[in-house]
Structures are given as C-alpha cells and as structure tokens.
Amino acid sequence: MPNIVLVGLMGAGKTTVARLLSDRTGRERLDTDDVIEQRAGRPIPAIFAEDGEAGFRRLEAEVVCELLAADDRILSLGGGAVTSEPVRDALAGHRVVWLRVEPQTLIGRLDPDEVAGRPLLAGDPIATLTRLDREREPYHRSVATLTIDVDDLDPGQVADAILSGDDGRDR
C-alpha cells in the first residue's frame, strides 16, 4: 500500500492528524522532524544554528527520501520538505495530502513557546508564514493528490476526510 504523506505549513496539524490516521489504520507513523533530530543527535533549532538552513534541508531530503522508500506508512513531513526537488520526485506514487491552512489560522494555533522554537518564525511570524505560504503553494499543489482546507476542521474531521478521500468541499 502506498504511504499516506501529509504536507503543509508548520502548524497545519500534520503530526496530530498523522497520529490519528495511524491509530485508525494500524499503520506505522513517522514524523520526519523526529527522525532528523534522532539522526543528527540534536534538535532542529540547533541544526539550523550550526549548519544553516541549507545544511538542514540536505539532511531533511536524505531522511524523507529514505523513509519514502518503504510503503504502508503514515508520514508527516516538515513544512519545507517540498521545496526539495528530490523530495518532490520521491513523493510520486504516494498518497500526498496537502493540509492547506491560512497563515492567520496558524498564528491562532501556535502557542508562543512553539513560535519561539521554530527558527523560521523569528521576527514577524505572520509575515513569515504569509511569505512561506506564497512560496510553497506551487510545490504543495504539484505534489498533492488530495488537498484539504483545514482552517475550520478539527483533526478528527481532517483524518475522516483523508480516509474517505473527500476534500470536504461541496461539489
């Protein structure tokens, strides 16, 4: 069975929804950020500080491509993983679900400690999220086999939509 891979901006709910999907399907769940931290032996903010974003993205692409080589998993990818061409190529043949969310919604979801722990949100978080959304939207659109607008949905509803293959929009 192909992997179910969740993509979207940081804070879109990928980790939470992946956990629900794993519980409901019995499939193994992996969060690529967790695997990256384990492999590097340090937290992501430290990787960014010591190796820069380019160093982090290289490690991220390596980990994501490796995890995508096995099937029948639920994977939640870091928000920027889709910016890597090797990652986008490796996503072919998998069920890729874009959890699309408005930057304003994200600010309401992220607590201040979480914002402080995300290196890319330093400074003006709403401006950064708006920029990231604009920059990454074409990548998300190009890899997604299902897009779900999650602004007004709780994680259970998102998981239901993924399992039913329904994006929740009236047709």
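Residues numbered from 1 in each chain as written. Predicted model: local features only at pLDDT ≥ 70, side-chain atom pairs only at ≥ 80, totals over all residues. Heavy atoms only, no water.

1. Thoughts on the packing of aromatic side chains
Here is the rule we go by: The aromatic pairing rule takes the rings of Phe, Tyr and Trp, using the six-membered ring of Trp, and pairs them if the centres are within 6.5 Å, calling planes under 30 degrees apart stacked, those over 60 edge-to-face and the rest tilted. Burial here depends on accessible area, computed with a 1.4 Å probe over protein chains only, as a share of the maximum for the residue type. Under 20% is buried, over 50% is exposed, and the range in between is partly exposed. Working rule: Lys NZ or Arg CZ, within 6 Å of ring centre, within 35 degrees of ring normal, means a charge sits over the ring.
On inspection of all chains with the given rule, the structure shows one aromatic pair. Measuring from ring centre to ring centre gives 4.9 Å for Phe48 and Phe56, while their planes differ by 35°; the resulting arrangement is tilted. Classification of Phe56 by relative accessible area gives buried; the value is 3%. Across from the ring centre of Trp98, 5.0 Å away, lies the NZ or CZ of Arg100, which sits over that ring.

2. A few points about the pairing of strand β1 (residues 4-7)
Formally: Secondary structure elements follow DSSP: runs of H or I of four or more residues count as helices, runs of E of two or more count as strands, with numbering from the N terminus. Between any two strands, pairing holds if DSSP finds at least two bridges.
Burial along β1 is two-sided: the face carrying Ile4 and Leu6 and the face carrying Val5 and Val7 are both buried. Sheet topology places β1 next to strand β4 (residues 95-100); four bridges connect them, and they run parallel. Across the sheet, the residue bridging to Val5 is Val96, located in β4.

3. A short note on the side chain of Lys14
This is how the line gets drawn: Here Asp and Glu are counted as negative and Lys and Arg as positive; His is not counted, and neither are the chain ends. Take a side-chain nitrogen of Lys or Arg and a carboxyl oxygen of Asp or Glu: if they are within 4 Å of each other, that pair is a salt bridge. Residue contacts are defined here by distance: any two heavy atoms, one from each residue, within 4.5 Å place the two residues in contact.
With respect to the element layout, Lys14 can be found in helix α1 (residues 14-25). For the buried Lys14, no salt bridge is present, and the opposite-charge side chain at shortest range is Asp33, 6.9 Å distant. Not counting residues up to four positions away in its chain, the partners in contact with Lys14 are Leu6, Val7, Gly8, Leu9, Ser76, Leu77, Gly78, Gly79 and Leu99.

4. Examining the sheet that holds strand β5 (residues 146-149)
Note the cut-off: Only the stretch in contact is used when a helix axis is fitted, and all axes are lines through C-alpha atoms; the angle between N-to-C directions ranges over 0 to 180 degrees.
Taking strand neighbours across the sheet as the criterion, the five strands line up as β2-β3-β1-β4-β5 in an open arrangement whose pairing is parallel. Single-partner strands in this sheet number two, and they are β2 (28-31) and β5. Along the sheet, successive strands turn relative to each other by an average axial angle of 20°, direction set aside. Sheet topology note: the β2/strand β3 (residues 73-76) ladder contains four bridges and is parallel. Opposite Arg29, over in β3, you have Ile74 as the bridge partner. Of the strands in this sheet, β1, β2, β3 and β4 are in contact with α1, which crosses β3 at around 170°.

5. Quick word on the side chain of Arg27
Put simply, the rule reads: Counting of polar contacts relies on pairs of N or O atoms within 3.5 Å, with two restrictions inside protein: one atom must be capable of donating a hydrogen and the other of accepting it, and residues adjacent in sequence are counted only when both atoms are side-chain atoms.
Looking at the element boundaries, Arg27 is found in the loop between α1 and β2. Residue classification places Arg27 among the buried positions, given a relative accessible area of 10%. A distance of 3.0 Å separates a polar atom in the side chain of Arg27 from a polar atom in the side chain of Asp72. With sequence-adjacent residues up to four places away left out, Arg27 is seen in contact with Met1, Pro2, Asn3, Ile4, Ser22, Asp72, Arg73 and Ile74.

6. Notes on the environment of Leu21
Among the structural elements, Leu21 can be located in helix α1. In the structure, Leu21 is positioned 52 residues away from Arg73 in sequence and 9.9 Å away in space, judged by C-alpha atoms.

7. Observations concerning the nonpolar core
Put simply, the test is: For this analysis, a nonpolar core means a set of buried residues of the types Ala, Val, Leu, Ile, Met, Phe, Trp, Tyr and Cys, connected via side-chain atoms within 4.5 Å.
Ranked by size, the top nonpolar core spans 24 residues in total, and within it Val5, Val7, Leu75, Leu77, Val87 and Leu91 carry the most contacts. Elements with a contribution of two residues or more to this core: β1, α2 (32-40), α3 (44-68) and β4. Broken down by element, this core gets its largest block of residues, 10 residues, from α3. In this structure, Ala18, Leu21, Val97 and Ala159 belong to the second largest nonpolar core, which totals 22 residues.

8. What about α3?
Just so we agree on the cut-off: A helix is expected to span 1.5 Å for every residue after the first. To get the bend at a given residue, fit one axis to the seven residues ending there, fit another to the seven starting there, and take the angle between those axes.
For α3, which comprises 25 residues, the first-to-last C-alpha distance of 21 Å sits more than 12% below the rise-based estimate of 36 Å (1.5 Å per residue). At Asp51, α3 shows its maximal bend, which comes to roughly 115°.

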